[in-house]
Amino acid sequence: MDAYQNLQYLYQIKPLFNAGAVFSDTTRQFVSPAEPNPFGRVQIKLRTARDNIDSAWIVSNLGRIQMFYESSQGLFDNYIAEVQLEDTEFSYYFEITSGKLKAVYDIRGISKSPEDRCKFRLFPGYKTPAWAHGAVIYQIYADRFRNGDPSNDVLTHEYSYINRHSFRVEDWKAAPAAFDVSNFYGGDLQGVLDKLDYLVDLGVEVIYFNPLFVSPSNHKYDIQDYDHVDPHFTVIRNDGGELLKENDQDNRNAERFIRRVVDIGNLEESNRWFAGFVEELHKRGIRIILDGVFNHCGSFNKWMDRERIYEGHDGYEPGAFISYDSPYRDFFSFNRGSNWPYNTAYDGWWGHETLPKLNYEESSELMNYIMRIARKWVSPPYNCDGWRIDVAADIGHSPEFNHTFFREFRRNVKEANPEAVIIAEHYGSPRAWLNGKEWDSVMNYDAFMDPVSYYLTGMEKHSDDFRGDLYRNSGPFWGAMIYNSSDFPTVALECAMNELDNHDHSRFLTRTNHKVGRVGNLGAQAASEDVNPAVLREAVVMQMTWIGCPGIYYGDEAGVCGFTDPDSRRTYPWGEADQSLVNFYREMIKIHKECSELKTGSFRRMKSPPNVLAYGRFDENGASLIAVNNTDKDAIVDDQVWYLGIPRNCIMKRLMLTNKDGYSSETQEYPVVMGRLSVTVPSEGAVILRYKAPQIHVPEVMFGAQGGDNAGG
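Everything quoted here is computed from the prediction, not taken from an experiment.

Q: It is not clear to me how the overall build of the chain should be interpreted in this structure. Could you clarify?
A: When you go through the chain residue by residue, the secondary structure sums to 16 helices and 33 strands. Computed over C-alpha atoms, the radius of gyration of the chain comes to 27 Å, within 12% of the 27 Å expected from 2.2 N^0.38 for 713 residues, which places it in the range of a compact globule. A principal-axis box enclosing the C-alpha atoms of the chain has dimensions of 95 × 55 × 45 Å. In the chain, which comprises 713 residues, the share counted as buried stands at 62%. For the chain, the accessible area works out to roughly 26800 Å², and carbon and sulfur atoms hold 48% of it.

Q: Which parts of the structure should I look at to understand the sheet that holds strand E23 (residues 497-499)?
A: Backbone-to-backbone hydrogen bonds join strands into a sheet, with any given pair of strands oriented parallel or antiparallel. Across the sheet, which stays open at both edges, the 8 strands sit in the order E22-E21-E20-E19-E16-E11-E24-E23 with parallel pairing between neighbours. Across the chains shown, the open sheet's two edge strands, defined by having one partner strand only, are strand E22 (441-442) and E23. As defined by bridge partners, strand E21 (residues 421-424) adjoins E22 across 2 bridges and the pair is classed as parallel. Within E22, the position partnered with Ala424 by the bridge is Val442. Against the sheet, helix H5 (residues 264-283) contacts strand E16 (206-209) and strand E19 (287-292), and its axis sits at roughly 135° relative to E19. Packing of helix H13 (residues 533-545) onto the sheet brings it into contact with E23 and strand E24 (549-553), and relative to E24 it is tilted by some 140°.

Q: How should the side chain of Ser160 be read in this particular structure?
A: Following the sequence through the fold, Ser160 ends up in strand E12 (residues 160-161). At a separation of 2.3 Å, a polar atom in the side chain of Ser160 contacts the side chain of Gln249. In contact with Ser160, other than residues within four places in its own chain, are His165, Leu244, Gln249, Asn251 and Phe300.

Q: Would you take a moment to explain the environment of Glu557 for this structure?
A: With respect to the secondary-structure elements, Glu557 resides in the loop between E24 and helix H14 (579-594). Through-space distance from the C-alpha of Glu557 to that of Arg586 is 8.7 Å; in sequence the pair is 29 residues apart. Excluding residues within four positions of it along the chain, Glu557 makes contact with Tyr138, Tyr198, Leu202, Ile552, Tyr572, Asp578, Leu581, Val582 and Tyr585. A distance of 2.7 Å separates polar atoms of two side chains, one belonging to Glu557 and the other to Tyr138.

Q: In this structure, what is going on with helix H6 (residues 364-376)? I would like to understand it.
A: An α-helical turn contains 3.6 residues, so a residue and the one three or four places further along point in the same direction. A rise of 1.5 Å per residue sets the reference length of H6, with its 13 residues, at 18 Å; its end C-alpha atoms lie 18 Å apart and thus fit the reference within 8%. Residues of H6 that are buried: Leu366, Met367, Tyr369, Ile370, Met371, Ile373, Ala374 and Lys376. Looking at the buried side of H6, the elements it contacts are strand E18 (225-229), H5, strand E20 (386-389) and helix H7 (399-416).

Q: Would you mind going over helix H8 (residues 445-457) with me for this structure?
A: Given a rise of 1.5 Å per residue, 13 residues ought to cover 18 Å, yet the end C-alpha atoms of H8 are separated by just 15 Å, more than 12% below that figure. The buried fraction of H8 is high, at 12 of 13 residues. Taken residue by residue, H8 has Tyr445, Ala447, Phe448, Met449, Asp450, Pro451, Val452, Ser453, Tyr454, Tyr455, Leu456 and Thr457 as its buried positions. Buried-residue contacts for H8 involve helix H9 (474-485), E23, helix H11 (508-511), H13, strand E26 (612-619) and strand E27 (622-629). The residue sitting at the N-terminus of H8 and contributing the capping side-chain oxygen is Asn444; that oxygen lies 3.1 Å from the backbone nitrogen of Ala447.

Q: I would appreciate a short explanation of the pattern of salt bridges in the present structure.
A: When the charged atoms of two side chains with opposite charge come close together, those side chains can pair. Counted according to the given criterion, the structure contains 51 salt bridges. Between Arg108 and Glu115 there is a salt bridge, and its shortest N-O distance comes to 3.3 Å. A relative accessible area of 32% places Arg108 in the partly exposed class. A single network of salt bridges, built from pairs that share partners, joins Asp225, Asp227, Lys302, Arg372 and Lys376.

Q: Mind showing me how you'd approach the sheet that holds strand E5 (residues 68-73) here?
A: Read from one edge to the other, the open sheet built from 4 strands follows the order E1-E2-E6-E5, with strand pairing classed as antiparallel. Each edge of the open sheet carries a strand with a single partner, namely strand E1 (31-32) and E5. As paired elements, E5 and strand E6 (residues 76-84) share 5 bridges and run antiparallel to each other. Along E6, the bridge assignment pairs Phe68 with Ile80.

Q: Explain the state of the cysteines here, please?
A: Two cysteines whose sulfur atoms are joined by a covalent bond form what is called a disulfide. Applying the stated rule across the entire model yields 0 disulfides. In this structure Cys595 is not part of a disulfide, and its nearest cysteine sulfur, from Cys650, lies 15 Å away. Overall, the relative accessible area of 4% leaves Cys595 in the buried class. With relative accessibility at 13%, the residue Cys650 sits in the buried group.

Q: Please clarify how the nonpolar core should be interpreted in this entry.
A: Among soluble globular proteins, nonpolar side chains are generally buried collectively. Residues Tyr138, Leu199, Phe274, Phe294, Trp387, Phe405 and Phe409 are the most contacted members of the largest nonpolar core, which totals 144 residues. Within the second largest apolar cluster, 48 residues are counted, among which are Ile53, Val83, Phe120 and Val612.

Q: Help me understand the environment of Ile288 in this model?
A: Among the structural elements, Ile288 can be located in strand E19. Along the primary structure Ile288 and Ala526 are separated by 238 residues, whereas in three dimensions their C-alpha atoms are 34 Å apart. Ignoring anything within four residues of it in the chain, the contact list for Ile288 reads Val206, Ile207, Phe209, Phe274, Phe277, Val278, Leu281, His282, Cys384, Asp385 and Gly386.

Q: Please explain the side chain of Ser624 as it appears in this structure.
A: The topology assignment puts Ser624 in strand E27. Using a relative accessible area of 0% as the deciding quantity, one classes Ser624 as buried. Engagement of the side chain of Ser624 in a polar contact is seen with the side chain of Glu597, the distance being 2.7 Å. Residue contacts for Ser624: discarding those within four places in its chain leaves Glu597, Leu598, Tyr615, Gly616, Arg617, Leu644, Leu689 and Arg690.

Q: Explanation requested: the packing of H8 against H9 in the structure shown.
A: Axis angle and axis distance: for two packed helices, these are the angle between their axes and the distance between the axes, and together they describe the pair. H9 packs onto H8 with a crossing angle of 175° between their chain directions and a minimal axis gap of 9 Å. In this view, H8 runs roughly antiparallel relative to H9, as classed from their interaxial angle. Together, Asp446, Ala447, Phe448, Pro451, Val452 and Tyr455 of H8 and Ser474, Phe477, Ala480, Met481, Asn484 and Ser485 of H9 make up the contact between the two elements. Partitioned by chemical class, the residues of the contact of H8 with H9 number 8 nonpolar, 3 polar and 1 charged.

Q: What's the story with unusual backbone geometry in this structure? I'm lost.
A: If a residue is not glycine, its phi is most likely negative; likewise, a peptide bond is most likely trans. A cis amide bond links Ser32 to the next residue, Pro33, at an omega of -5°. Among the secondary structure elements, Pro33 is positioned in the loop between E1 and strand E2 (41-49). Residue Pro381 is reached from Pro380 by a cis peptide bond, and omega for that bond is 5°. Topologically, Pro381 is positioned in the loop between H6 and E20.

Q: What is the right way to look at the pairing of strand E11 (residues 137-140) in this model?
A: Successive side chains on a regular strand alternate, one facing one side of the sheet and the next facing the other. Residues Ile137 and Gln139 point to one face of E11 and Tyr138 and Ile140 to the other, with burial holding for every one of them. Across 4 bridges, E11 lies against E16 in parallel orientation. In the strand pairing of E16, Ile137 is matched with Val206. Taken together, the 3 bridges between E11 and E24 define a ladder with parallel strand orientation. When the sheet's bridge partners are listed, Gln139 is paired in E24 with Tyr553.

About the cut-offs
- Residues numbered from 1 in each chain as written.
- Predicted model: local features only at pLDDT ≥ 70, side-chain atom pairs only at ≥ 80, totals over all residues.
- Heavy atoms only, no water.
- Helix = DSSP H or I, 4+ residues; strand = E, 2+ residues; numbered from the N terminus.
- Rg over C-alpha atoms; globule rule 2.2 N^0.38 Å.
- Buried < 20%, exposed > 50% of the residue type's maximum accessible area, 1.4 Å probe, protein only.
- Areas by Shrake-Rupley, 256 points an atom, 1.4 Å probe, with all protein chains shown as cover.
- Pairing = 2+ DSSP bridges.
- Contact = heavy atoms within 4.5 Å.
- Axes fitted to C-alpha atoms, helices over the stretch in contact; angles between N-to-C directions.
- Polar contact = N/O pair within 3.5 Å; in protein donor to acceptor, adjacent residues only side chain to side chain.
- Expected span 1.5 Å × (residues − 1).
- Salt bridge = Lys/Arg side-chain N within 4 Å of Asp/Glu carboxyl O.
- Disulfide = S-S within 2.5 Å.
- Core = buried A, V, L, I, M, F, W, Y, C linked by side-chain atoms within 4.5 Å.
- Parallel < 35°, antiparallel > 145°, perpendicular 65-115°, else oblique.
- Nonpolar A, V, L, I, M, F, W, Y, C, P; charged D, E, K, R; others polar.

Following this line, the structure appears as structure tokens:
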């Protein structure tokens, strides 16, 4: 005990309340176990400055629970309470007294009064795969990644789709056409196998594929057959037959196409090939997430058969378009009084006749079929590692049914493969769905993609608008992040797919040029003009250090540009990639994977100059300070970094520095003096500093022995 502490003890002088030192969240550092069981017991920890408070209470939906001093570590005191949970949501905040001061602590930090949406929340029974927390995900749009087997390419005039013949694009470098849906570049899964060394070297842990099942479009969100992977992506053993003639749009005459995708032998061989493909990915340490399109199917689907390509073929029942007596008629909603055969009066997704809306409420057979599909692909021999669900909140015709659907979907998937993840495409608040009974997490638009895009580029994610009021403005950024992150339990936030862009939106690098518009009015070349790689590097630093899973859209690391779809679906530029950018991604992924706090650590906002972002991530292994300066002048970040749990006097090492000219991963040391650190952050640049905790053996006590969670409330 030093002299000052001795005086405090002797004269019982209470130091000024240190709000910055107070911390708790629902990561495994502060909640044990982080994924508690229903009716289980959980221990919750609150950290404060040494000798700084008089009392702490947990105020929850189960009542007020007193916390007790447990231990001191370095500059902190730890208070702890054990809570008996029920089988429903447990929400809480902390109430702290220090002298005459009474304060509330929730996900916002110290406040005068609580706010319902900012309470910490635990859901007993909410289990997520440990591998999915902070995993590096690489999204592949298969037709545009690499052509590894030209023999399975979709051919020109192979069939007709939306009154146009399929077209084989011979020039791999050609930009997508305005009407791109039936144009094919020949990318396939053999192309992915051919580039596995590249993906492993990059540091990819998971591949998320856009749909792979038999479908007539290149995007394949119009599923033709949920039971089989498209032979155009795998292997075609039984080939041959006529192509369509120039003026023929009747797919009954598309002999080559019908043989390729209707012949049972071809389909079974395609599935066998795919099983081997997944096995090879797993051998290389890469998991696979499939895209599940269960809101609608396609007009080519064997259940509908509007194109009449299954009609009369052995092994197939009549489609609902063909016959009133079709076993699939109730899979769809037909208008009353409509007539068969060849009934076109069905409900389409957003009115599109090529996308028949599935009608679960009227067909238990359809529901059972899709649940079988949900299990099939995460089970042997395929053993895929999860599903990304397209337009997830709109599966049925009512919110009530949608929740019923996903409770059943989760039960089926988790029974078949407890380690499979369920990620939903969802815009808006996911709060109602993230309860441990439906989705694991979401594609994180509201609490990552949108705020990051507006802060760094000012651009809406389709490049349809420029918001000067949000550009380089840290206030709205933090407001959006705190507000939207409060909808996520920690287990969900750590598994959220944090993308900068994807197949539905403009490329992030294109957004850095601030051009408002689309390829139709600006032209493809404009997407690559006046772009700013320095801003992309800032974004990647944030992506690799924020809570959640960094989601890389194929080609972003190579410098691919493009306005919103279909222009964002350009091919990977093999042989012409921006190697400096590829190397930067590789370095950043390495940092993300090697620093455990960046995967599952706590998150704390740090003090920074106006419109500069600074935050910390920390766990028992170390602490990282991240600063992002999107202004046009250099900035100095100066703050008390001991709040991140590092010693008052130590050395932090720089892991990454980016600026307008490039980046440096050369190590540089920064001293922490009396708990404070100062670092200069270049204009349109970012910095990552880290303190690595000494690696000493710690007995498996309560906090640290069990785990699997992260920060964010």
